[in-house]
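Below, each chain spelled out in residue letters.
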Amino acid sequence: MSSIDNSLLSLYRPLNEFLKEHKKLSFLEFDYQTGNNINLFLSSANSVNIDEVYSIFEKINRTIPSIERIFKKPVIHLKEEEDIVPTEACRTIDNKTITHLAMHPENWQDIKDEQAVPRNLLTRIYLDNYSIYENVLFVNTVNNILSFLKMNIRMMKDLLDNSSTIQMNYLDKADHLQFYLALAKLHTSYVRNFNKDAIKAIKLINSLLDCQKRISCQLNRPIYRRNYKLAKNVKLKSTNILNMQKDYHRMFKLALFFHREKVVKEDKIIYDDEFFKSYFNYCMCLILFSSINFSFTPEDDGIIDTEQLDINLKYKSYRLNIKTIEDNEGFLLTFYKEKEYRILLLPFSKEVIENRRNLTIRHLLKYDEVNYLLPFYESRDDSIYLSINNLNSFRRIQQILLKGMIYSSIVFDVCPFCGEELQKIGHDEYFCPSCFTSIKKKHCPIEDVDYYESKIHHFSITANKEEIDNESYYHYRNITQIADKNSFICPRCHKVHKD
C-alpha cells in the first residue's frame, strides 16, 4: 500500500479548517463556496519542474547499465561455515573432522574392524555472502531510484490527466452538460499553463516507465532479495570496491548525489488521525459537489450538516439520499426510481487499512455495493481513486452516481445522464439520441445473475490496449471496468462475455 507524502497531506488540511467554521451550509451556499473558498482541486503537479526532473532522470539513466551489470554479477564474498552433513555430502575432511567424529559416537553408523564407520561428518562449507556493505548500499540506491520514478510517474500522470481533461470542446456530447461549469468551479484555468509542457511530460513519462521496467525485472535476484531488509538506513562511506570497481563507483556517485540533493524526501508523516479526518471531509465535499454538477437539486430545505450529513436530492424521476453512517465511518448513497439501490462509500481510514476484508463482508449483508475511496491509485474493483491533485476525481463519483441511477431503474424512460427520453433499440437495450448514452442489460452465465453495461453509443477507442488504464477514454460513461478497446468486464465473475 502506498504512503502519502507531506505535500499531499498539506493540501487537505485547509478544507478541514474551513468546515470547522462552517458546520452548516445551505445547498446554494455550498455551491458558491466550491467556487471560492472550498478547494477540491489543488494539483501538487503544479510545483513540478519538468526540466529538473528530466535532469535528475538523465543522471539515473546513465547509471542504469552499471546497475544492470551489478544485478547480474555482483561482488560477493565467500563465507565459511561449519556444518554436520551426511558422509556422502562431505567434500572436505581435515583433523577437526576426525576429532569431532571421535568425540560424537551418535554420528557413527557402525563399527567394523574396531573402526567407526561414520554416518555424519563435520565439514566446512562455503556460502556466497551477498550482504557486504557495497551491496547493501546498492539495494538502498535501487530503492531510492524506484521511489523517485514512482513519485514522478504519478506526478506526470496527474499532470497529463488534468491537462487533457480541460481541453474544451463545447460541441462534444461525450461529457455532461455541467462538466465545464464544474471545471470552472475547480479553478482549472491555471492548469492550462501545463499544455506547453505536455509534449515534454509525455516523453518523460515514457522514459520513466521504461526505466522502472528495466529495474523491476531484476528484483528477484539474490543481491536484492537478501539485502532488502538491511537497506533501510545506510550511511555513506567510501570503500575500495566503491572506488576501484567501475560499476560500483558509478552507483556510488549516484548515491552521493541522491544524499546531497535530497532527491528522495522521507515521509515524516504517513497516516494520522488528522489526515483521515481531512480526507473524510474532502470526500464528503466531493460527493456533494459531484451530485450538484450531475444535475441533482435539494428536495427539501437543502441544509447541509457537515458533522452529520443527511440530505435528500432529486433529478427528474430519480431520488438520492446521501448520509453518513456509524460514527462517520462512511457515506451511504441510497438511489430510488422504481426500486432502491444502496451504495456504501468508505473513505480511507485506519479501519480500512487494517480490516478491509471484514468490512466488506459485514457491509455487503446490508448494502448492494461497497466501495473504498482512496487517495492513491489501486487496481481493485472496489477501489475508487479520489485525490485532491487529480482533476477527474469528481467524475469518478459521477460514475458511481450514474451506476446507482441505472440500477435503481426498472423502467428505462429517462436518461440518467442528460434527463432526455430514452429509446428502446433492442432486447433490454436503450439509447439516448441526445447524449448518445447506451444502457444494456446483460446476463452473467457463470454467476447466473443480471447486470448492466453503459457506454457511449457507437463509440470506439482508438488507443492501444496497453494504453487503456482508466475510464477517461469513455468519459466516465461506463459503469463496468474496461477490458480492451471495446469490451467490458463483467462485475459479477470478472470475465468478458461476448454479445
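Everything in this summary refers to the structure shown in the same document.

### Quick notes on the overall build of the protein
A count of helices and strands for the protein gives 13 helices and 17 strands. Looking at the 499 residues of the protein, the share that counts as buried comes to 49%. For the protein, the exposed surface amounts to about 25,900 Å²; the carbon and sulfur share of it is 49%.

### Remarks on unusual backbone geometry
Residues other than glycine predominantly adopt negative phi, and peptide bonds predominantly adopt the trans conformation. One non-glycine residue, Lys 316, adopts positive backbone phi at about 55°. Here Lys 316 is to be found in the loop between strand E8 (310-315) and strand E9 (318-325). Overall, the relative accessible area of 51% leaves Lys 316 in the exposed class. For Phe 436, which is not glycine, the phi dihedral falls at a positive 70°. With respect to the helices and strands, the residue Phe 436 is situated in the loop between strand E15 (429-431) and strand E16 (437-444).

### A word on the sheet that holds E9
Here we have seven strands laid out as an open sheet, ordered E6-E8-E9-E10-E11-E12-E13, and mixed in their pairing. Both edges of this open sheet fall to strand E6 (297-298) and strand E13 (383-385), since each of them pairs with a single strand only. For strand E11 (residues 340-347) and strand E12 (residues 369-374), the ladder comprises five bridges, and the chain directions are parallel. When the bridges of E12 are listed, Leu 345 appears paired with Asn 371. Each of E9, E11, E12 and E13 is contacted by helix H12 (residues 350-364), which is oriented at about 160° to E12, the strand it contacts most.

### A few points about the packing of aromatic side chains
Applying the stated rule across the entire model yields 21 aromatic pairs. With a centroid separation of 5.7 Å and an interplanar angle of 65°, the aromatic rings of Phe 276 and Phe 348 are classed as edge-to-face. With Phe 276 in helix H11 (residues 273-292) and Phe 348 in the loop between E11 and H12, this pair connects stretches of sequence that are 72 residues apart. Ring geometry for Tyr 407 and Tyr 452: centres 5.2 Å apart, planes at 90°, overall edge-to-face. In this pair, Tyr 407 is assigned in helix H13 (residues 393-407) and Tyr 452 in strand E17 (residues 449-456), connecting sequence segments 45 residues apart. The pair Tyr 407 / Tyr 452 is uniform in exposure class, with both members buried. An aromatic cluster is built from Tyr 12, Phe 275, Phe 276, Tyr 279, Tyr 282, Phe 348 and Phe 376, whose rings are joined through pairwise contacts. The ring centre of Phe 257 lies 5.1 Å from the NZ or CZ of Lys 59, which sits over that ring. The ring of Phe 417 has Arg 477 lying over it, and the distance from NZ or CZ to the ring centre is 3.9 Å.

### Quick look at H12
Between its first and last C-alpha, H12 extends 20 Å over 15 residues, near the 21 Å set by a 1.5 Å rise per residue. Maximum bend of H12: about 90°, positioned at Arg 356. Listing the buried residues of H12 in full gives Val 352, Arg 356, Leu 359, Thr 360 and His 363. On its buried face, H12 sits against E9, E11, E12 and E13.

### A few points about the sheet that holds strand E14 (residues 423-426)
The sheet built from four strands is open, its strands ordered E14-E15-E16-E17 with antiparallel pairing. The sheet is open, and its two edges are formed by E14 and E17, each paired on a single side. If you compare each strand with its neighbour and ignore which way they point, the axes differ by 30° on average. Sheet topology note: the E16/E17 ladder contains eight bridges and is antiparallel. Within the sheet, the bridge partner assigned to Cys 444 lies in E17 and is Val 449. With respect to the sheet, H13 is in contact with E16 and E17, its orientation differing from that of E17 by roughly 130°.

Cut-offs and rules
- Residues numbered from 1 in each chain as written.
- Predicted model: local features only at pLDDT ≥ 70, side-chain atom pairs only at ≥ 80, totals over all residues.
- Heavy atoms only, no water.
- Helix = DSSP H or I, 4+ residues; strand = E, 2+ residues; numbered from the N terminus.
- Buried < 20%, exposed > 50% of the residue type's maximum accessible area, 1.4 Å probe, protein only.
- Areas by Shrake-Rupley, 256 points an atom, 1.4 Å probe, with all protein chains shown as cover.
- Pairing = 2+ DSSP bridges.
- Contact = heavy atoms within 4.5 Å.
- Axes fitted to C-alpha atoms, helices over the stretch in contact; angles between N-to-C directions.
- Phe/Tyr/Trp six-rings, centres within 6.5 Å; stacked < 30°, edge-to-face > 60°.
- Lys NZ or Arg CZ within 6 Å of the ring centre and 35° of its normal.
- Expected span 1.5 Å × (residues − 1).
- Bend = angle between axes of the 7 residues up to and from the residue.

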